[in-house]
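Here are the chains, one letter per residue:
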Amino acid sequence: MLQVKGVSFKGILKGISFDVRPGELVVITGPNGSGKSTLAKIIAGVEKSDAGEIIFKDEDIVKKDCTERARMGLAFSFQQPVRFKGLTVRDLLKIAASGSEAFLDNEMKEVDGYLKKVGLEPALYLDREVNASLSGGELKRIEIASVLARDAVLSIFDEPEAGIDIWSFDNLVKMFKDMRKKNPKRAIVIISHQERIMKIADRIILLENGEISAHGTPEQMMARIGGGLK
Ligand SMILES: Nc1ncnc2c1ncn2[C@@H]1O[C@H](COP(=O)(O)OP(=O)(O)OP(=O)(O)O)[C@@H](O)[C@H]1O
Ligand SMILES: [Mg+2]
């Protein structure tokens, strides 16, 4: 579904190659500054790589901009969520969901459901603007809800746990499990430092100093990285 081949960027990424297959949940982990968010931005089309190929659904997408990539079925939740001044939470979710089949069947009920899944009460948030008045954690949850609403072929989450209080962590993990169950042919990539998220992965990729230094199953990788990455 996604093949990253020899991607390099300004000395920050040095020939990254991996693939993601339909139905897989892949976690990318690694120390601060190792290049994880940069890699996510390059896959999203926000940054342009210096070298390498990115194949998505059998097509080289390197020359496509982020809008075209989104249209092909790539969805992103960034480490620093994007604010949309003037747009309400309802509008954001409706725009995100407008391409998905579930939305056409169910419209607003689904939009409510996405907020509930990230632990936000729809009545309190649907009419709020996606601006600086939202707390960091609220904004992060709303961005995650918008990725859920997209129901994309490949969803990439950059540190979804960032800013989410520890009480909600179980729900976050459950949300990813549900997401997989609902769409067994979709794929999910999560950039994370959290052991509990790594444990639900099919494969973990370890990025260190702009290079993939190891990859394997959670069992193999836990033994290697233990708790020493945070
Ligand atoms: N456009 C850029 N120009 C120069 N340096 C950059 C650029 N973007 C990122 N960097 C640097 O590249 C390195 C990798 O950054 P990146 O955000 O990808 O790390 P990360 O693995 O996501 O870290 P964290 O776990 O802290 O989120 C950092 O040292 C960062 O300062
Ligand atoms: Mg990062």
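It should be noted that the structure appears before, not after, this text.
Residues numbered from 1 in each chain as written. Chains lettered and ligands numbered in written order. Predicted model: local features only at pLDDT ≥ 70, side-chain atom pairs only at ≥ 80, totals over all residues. Heavy atoms only, no water.

(A) A look at the overall build of the chain. Counting its regular elements, the chain contains 10 helices and 12 strands. Computed over the C-alpha atoms, the radius of gyration of the chain is 17 Å, within 12% of the 17 Å expected from 2.2 N^0.38 for a compact globule of 230 residues. By sequence separation, contacts in the chain at least 24 residues apart represent 66% of the contacts at least 6 residues apart. Within the structure as shown, the chain displays about 11000 Å² of accessible surface, and the carbon and sulfur contribution to it stands at 50%. Charge separation in the chain, taken as the distance between the mean sites of 35 positive and 33 negative side-chain charges, equals 1 Å. (Helix = DSSP H or I, 4+ residues; strand = E, 2+ residues; numbered from the N terminus. Rg over C-alpha atoms; globule rule 2.2 N^0.38 Å. Contact = heavy atoms within 4.5 Å. Areas by Shrake-Rupley, 256 points an atom, 1.4 Å probe, with all protein chains shown as cover. Lys, Arg positive; Asp, Glu negative; His and termini not counted. Charge placed at Lys NZ, Arg CZ, Asp CG, Glu CD.)

(B) Layout of the coordination of the magnesium ion (ligand 2). Within the first shell, the magnesium ion (ligand 2) binds the protein through Ser37 (OG) and Gln79 (OE1), at distances of 2.0 to 2.1 Å. Here Ser37, found in helix H1 (residues 36-44), pairs with Gln79, found in the loop between strand S6 (74-77) and strand S7 (84-88); they are 42 residues apart in sequence, far enough to count as distant. According to the relative accessible area criterion, Ser37 is buried, its value standing at 18%. (Donors = N, O, S within 2.8 Å, 3.2 Å for Na, K, Ca; no water. Buried < 20%, exposed > 50% of the residue type's maximum accessible area, 1.4 Å probe, protein only.)

(C) The pairing of strand S1 (residues 2-9), seen in detail. Sheet topology places S1 next to strand S2 (residues 13-20); five bridges connect them, and they run antiparallel. If you follow Phe9 over to S2, its bridge partner there is Leu13. Linkage of S1 to S2, two consecutive antiparallel strands, is achieved through a turn of three residues, within which Lys10 is found at a positive phi near 40 degrees. Across five bridges, S1 lies against strand S4 (residues 51-56) in antiparallel orientation. Among the inter-strand pairings, Lys5 is bridged to a residue of S4, identified as Glu53. (Pairing = 2+ DSSP bridges.)

(D) Representation of the packing of aromatic side chains. For the structure on display, the rule yields two aromatic pairs. Each ring, one from Phe76 and one from Phe78, has its centre 5.7 Å from the other, and the planes form 10 degrees; the classification is stacked. Of the two residues, Phe76 and Phe78, both sit in the buried class. With a centroid separation of 4.9 Å and 80 degrees between ring planes, the pair formed by Phe157 and Phe176 is classed as edge-to-face. A residue pair is termed long-range when its members are at least 10 positions apart, and Phe157 in strand S9 (residues 154-158) and Phe176 in helix H8 (residues 169-182) qualify at 19 residues. We classify Phe176 as buried; its relative accessible area is 0%. (Phe/Tyr/Trp six-rings, centres within 6.5 Å; stacked < 30°, edge-to-face > 60°.)

(E) Quick peek at the sheet that holds S9. Judged by pairing direction, the sheet is mixed, and its six strands sit side by side in the order S6-S9-S10-S3-S11-S12 without closing on themselves. Among the strands making up the open sheet, the edge pair consists of S6 and strand S12 (211-216). The average angle at which neighbouring strand axes cross in this sheet is 15 degrees, direction not considered. Here strand S11 (residues 203-208) pairs with S12 via five bridges, running antiparallel. Bridge pairing in S12 links Ile204 to Gly216. Most of the contacts of H8 go to strand S10 (residues 187-191), to which it runs at about 160 degrees, and overall it touches strand S3 (25-29), S9 and S10. (Axes fitted to C-alpha atoms, helices over the stretch in contact; angles between N-to-C directions.)

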